[in-house]
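Per-entry structural report
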Amino acid sequence: PPRPCAAVAAPAVARQSARGLANFVPPIGLHLAGSAAPAVDAPRSAPASSASSAGSATAAGAAASVAASLVGAAVAGAGRRQVKAARRAQRVIDTDLTRSLDAELEAMGGEVDMRPKANSGFEKRLFEGTSDDEITLEGKRPTGQSGDPDNMYFWKMSQDKKTIDLICPMPDDVTMKDVVFRLGEDPRDPRRGPKLELGYRYKNKSDRWRERIIVDGNILHKINSKETVWTLENMGGANVCVLTVMRPSCMRRREDSFMKVSVEEERIDPQTWDAFLLEERARSKVTHTCYLDLASPEKQFDRITIGLYGKVCPMTVANFVALITGEYKDEEGNIQQSAFHYKGTFLGACVGTKLLSGGDPKMQLKVATLSAEEMRKYADLFKEFGVVNANVGPVKRTWAPRYGEDFGLLDQDGDETKYGDAIETDAISLEFLGQKFEELAARNSDVTMLFYRPEFDYGIDHKGRTFPAENFDIPHSRRGLLSMERGEDSNIQGSKFMITLEEFPHMDRRFSVFGEVLDGMQTIDELEEEHGDATGNGTLNTVKIVDSGLLMSPKDQDDDDDAEDAKFAEVVA
């Protein structure tokens, strides 16, 4: 039997009092992770609702009757829960390192006091991952429920993103002694959480104890197991077990001796909670299948078969299919050639163990001819403003000149550069640019120059343009997912794509996942092994897409699963 936890008693009382619970549960009922339910002192008669079938029906009834209030008030209230009792004192990363630094300072004779002064300012800030945006208590937080109506539970992340509450309806006659709670060891995969079993026990008709497990699976992400707590509460008129898990985080303190300000930062591990259990993660429906055949000078790779999520990202999938096949149908139904075709192009980079990329048409560089009048205007704008801030003839104001064509290949020092190299923008280089533009304008004739077009950094779509991202709902949750590269400031994407090599939550809500590798992961493994680089600078520019095409489209399959599609859309929403 678990021992009463004095450390959590007072906060539990305060929390339940603040929540205004009608039926107060003594704080002794709050259990720490790893503790089992208390043993029963003496056998008791099984109530009428304790039999297996009756217990199941009671649980289902409780879930159904309280679902609305849980989603509305209870789940929202769970987001405000503060599990102060289970939280330890503020932790500092790598205490040994801190002590060694203190020892070095003493040895150097320095009198550096890293503690905040009594009259100094002290701030606490909360961040997620490496983001520079501080977490606020505003905005929508992840929430959801189980997909099994016979084993219903609800979950919601707190507003500070530090904890997640799971609310599991129980039959009315279940007490603290009857709750079954088991939390397994941390798995080998450091990204995943332990196995969780949560339910209750009852006596069957033979007066024997049986267990009914409602929540059974592996927690989606790593949690702080030692600070996991559960309690039995009355919520919305229903008997529920509330399990609170804490996300891992680290602490660091920064001192500004001049401003006399100490800033303490807590950074929560970056995680995307689109489900509570790993087994509950939604899988998108594949509407199209296509293929890529790759080869390098040394070998021919096995075919990669890709499935596309046409109902999640219809515009992105339509564009990808047109780039795969090299053709598309216009508004009148006529077949047109795509402005770009993946066939015959090379892959791009292999970024460490994170992702590999491809689909770059290399259209960033553009040769443009300016008339004598246009060249004079271009030079005058640069002389007056230090930058060309308007469109001049065929040249857009966002284009940047490069070495090559009539501009030449010699830099300001007389050294030869490569065709297409960027021109530096320091003061000396800007003066050099102004002189070159004046020389070109003085010719009084047409001038041909090479320009860099940043709008094509992310490729082009099948019509030679770019388009905005349309959906960020699917997380980068595993190896082999297909995602579009995107300009986050401009929100444009074109033809450049990425294939994940591992779960990559840092990309979630930033790039659109629109497909997955169905077959050919052995080719992905070979590319990573042969061309990957621990520094993230691996290149795939010798790996060519020798062929690409469409294998299946929606017209080739039965479309009689609208109910399934609707259910998936609801889960995603």
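Residues numbered from 1 in each chain as written. Predicted model: local features only at pLDDT ≥ 70, side-chain atom pairs only at ≥ 80, totals over all residues. Heavy atoms only, no water.

1. Here we look at the overall build of the protein
Looking only at helices and strands, the protein has eight helices and 26 strands in total. Every one of the 573 residues in the protein was classed for burial, and the buried ones make up 45%. Looking at the protein alone, contacts between residues at least 24 apart form 68% of all its contacts between residues at least 6 apart. When the accessible surface of the protein is totalled, it reaches about 29300 Å², and 51% of it is carbon and sulfur. (Helix = DSSP H or I, 4+ residues; strand = E, 2+ residues; numbered from the N terminus. Buried < 20%, exposed > 50% of the residue type's maximum accessible area, 1.4 Å probe, protein only. Contact = heavy atoms within 4.5 Å. Areas by Shrake-Rupley, 256 points an atom, 1.4 Å probe, with all protein chains shown as cover.)

2. Quick notes on helix 6 (residues 427-441)
The end-to-end C-alpha separation of helix 6 is 21 Å, in line with the 21 Å expected for 15 residues at 1.5 Å each. Contact partners of the buried residues in helix 6: helix 5 (372-385), strand 20 (400-402) and strand 21 (447-452). (Expected span 1.5 Å × (residues − 1).)

3. Remarks on helix 4 (residues 314-325)
Since one α-helical turn is 3.6 residues long, residues separated by three or four positions face the same way. A rise of 1.5 Å per residue sets the reference length of helix 4, with its twelve residues, at 16 Å; its end C-alpha atoms lie 16 Å apart and thus fit the reference within 8%. Of the residues making up helix 4, those classed as buried are Thr316, Val317, Asn319, Phe320, Val321, Ala322, Leu323 and Ile324. One or two residues past the end of helix 4 sits glycine 326, with phi positive at roughly 85°.

4. Side note on the sheet that holds strand 20
Read across the open sheet, the three strands follow the order 19-21-20; overall the sheet is antiparallel. Both outer strands of the open sheet, strand 19 (365-370) and strand 20, are each paired with one neighbouring strand and no more. When the angles between neighbouring strand axes are averaged without regard to direction, this sheet yields 50°. Here strand 19 pairs with strand 21 via six bridges, running antiparallel. Residue pairing for strand 21: leucine 365 is matched across the bridge by tyrosine 452. (Pairing = 2+ DSSP bridges. Axes fitted to C-alpha atoms, helices over the stretch in contact; angles between N-to-C directions.)

5. Structural notes on the packing of aromatic side chains
Within this structure, the stated rule accounts for 15 aromatic pairs. Centre to centre, the rings of phenylalanine 320 and tyrosine 342 are 5.4 Å apart; their planes meet at 55°, and the pair counts as tilted. Within this pair, whereas phenylalanine 320 is found in helix 4, its partner tyrosine 342 is found in the loop between strand 16 (335-337) and strand 17 (349-351), the two being separated by 22 residues in sequence. Pair check on accessibility: phenylalanine 320 and tyrosine 342 agree, each one buried. (Phe/Tyr/Trp six-rings, centres within 6.5 Å; stacked < 30°, edge-to-face > 60°.)

6. Here's the deal with the pairing of strand 23 (residues 497-500)
Burial of the side chains of strand 23 extends over both faces: Phe497 and Ile499 are buried on one face and Met498 and Thr500 on the other. Here strand 18 (residues 355-358) pairs with strand 23 via four bridges, running antiparallel. Each residue of the ladder has a partner; that of leucine 356, found in strand 23, is isoleucine 499. By the bridge criterion, three bridges tie strand 22 (residues 481-484) to strand 23 in an arrangement that is antiparallel. Each bridged residue has a counterpart across the sheet, and for leucine 482 the counterpart in strand 23 is isoleucine 499.

7. Some words on the nonpolar core
Soluble globular proteins: nonpolar side chains tend toward being buried together. Among the nonpolar cores identified, the biggest contains 37 residues, and Leu294, Leu308, Phe320 and Phe497 are the most heavily contacted of them. Where this core is concerned, the elements lending two or more residues are strand 13 (288-295), strand 14 (304-308), helix 4, strand 22, strand 23, strand 24 (513-519) and helix 7 (521-531). Counting residues per element, this core draws most heavily on helix 4, at five residues. Among all residues touching leucine 294, those that are not within four sequence positions of it are Gln300, Phe301, Ile304, Leu347, Thr523, Leu527, Val543, Lys544, Ile545 and Val546. Judged by nonpolar contacts, the second largest core, of 29 residues, contains Met157, Val174, Leu198 and Ile219. (Core = buried A, V, L, I, M, F, W, Y, C linked by side-chain atoms within 4.5 Å.)

8. Quick word on a negative patch on the surface
On the surface, a cluster of negative charge is contributed by Asp413, Asp415, Glu424 and Asp426. With respect to the helices and strands, aspartate 426 occurs in the loop between strand 20 and helix 6. On the basis of relative accessible area, aspartate 426 is assigned to the partly exposed category, the value being 31%. (Patch = residues over 30% accessible without salt bridge, like charges linked within 9 Å, V, L, I, M, F, W, Y side chains within 5 Å. Salt bridge = Lys/Arg side-chain N within 4 Å of Asp/Glu carboxyl O. Lys, Arg positive; Asp, Glu negative; His and termini not counted. Charge placed at Lys NZ, Arg CZ, Asp CG, Glu CD.)

9. Details of the sheet that holds strand 24
Taken in spatial order, the nine strands make up an open sheet running 25-17-18-23-22-24-14-13-26, and their pairing is antiparallel. Of all the strands in the sheet, the pair left with one neighbour each is strand 25 (538-539) and strand 26 (544-552). Each of strand 13, strand 14, strand 22, strand 23, strand 24 and strand 26 is contacted by helix 4, which is oriented at about 40° to strand 13, the strand it contacts most. Strand contacts of helix 7: strand 13, strand 14, strand 17, strand 18, strand 23, strand 24 and strand 25, with the helix running at about 85° to strand 17, the strand carrying the most contacts.

10. Digging into the environment of glycine 217
Along the polypeptide, glycine 217 turns up in strand 8 (residues 209-218). Take glycine 217: its relative accessible area is 2%, and that puts it in the buried class. The sequence separation of glycine 217 and leucine 277 amounts to 60 residues, and the corresponding C-alpha distance is 6.0 Å. If sequence neighbours within four positions are ignored, glycine 217 has contacts with Pro194, Lys195, Leu196, Leu277 and Glu279.

11. A closer look at the pattern of salt bridges
Any two side chains of opposite charge can pair, on the condition that their charged atoms come close. Under the definition given, this model contains 29 salt bridges. With its nearest N and O atoms 3.6 Å apart, the salt bridge here joins glutamate 197 to arginine 182. Taken together, the residues glutamate 197 in strand 7 (residues 195-203) and arginine 182 in strand 6 (residues 179-183) connect sequence positions 15 residues apart. Given the relative accessible area of 21%, glutamate 197 is considered partly exposed. One salt bridge connects glutamate 211 with arginine 182, and the closest N-O pair in it is separated by 2.5 Å. On the criterion of sequence distance, the pair formed by glutamate 211 in strand 8 and arginine 182 in strand 6 is long-range, its members being 29 residues apart. Here glutamate 211 falls in the partly exposed class, since its relative accessible area comes to 43%. Here the salt bridges share partners, and the residues they tie into one network are Arg192, Asp274, Arg281 and Glu503.

12. Some remarks on the packing of helix 5 against helix 6
It is at 9 Å that the axes of helix 5 and helix 6 come closest, and there the two elements cross at 155°. Taken together, the axis directions place helix 5 and helix 6 in an arrangement best described as roughly antiparallel. Seen from above, helix 5 lies across helix 6 with left-handed handedness. In this structure, helix 5 uses Met375, Arg376, Tyr378, Ala379, Asp380, Phe382 and Lys383 to contact helix 6, whose residues at the interface are Leu430, Leu433, Gly434, Phe437, Glu438, Leu440 and Ala441. Residue composition of the contact of helix 5 with helix 6, by class: nine nonpolar, one polar and four charged. (Parallel < 35°, antiparallel > 145°, perpendicular 65-115°, else oblique. Left-handed = near helix turned anticlockwise from the far one by under 90°. Nonpolar A, V, L, I, M, F, W, Y, C, P; charged D, E, K, R; others polar.)

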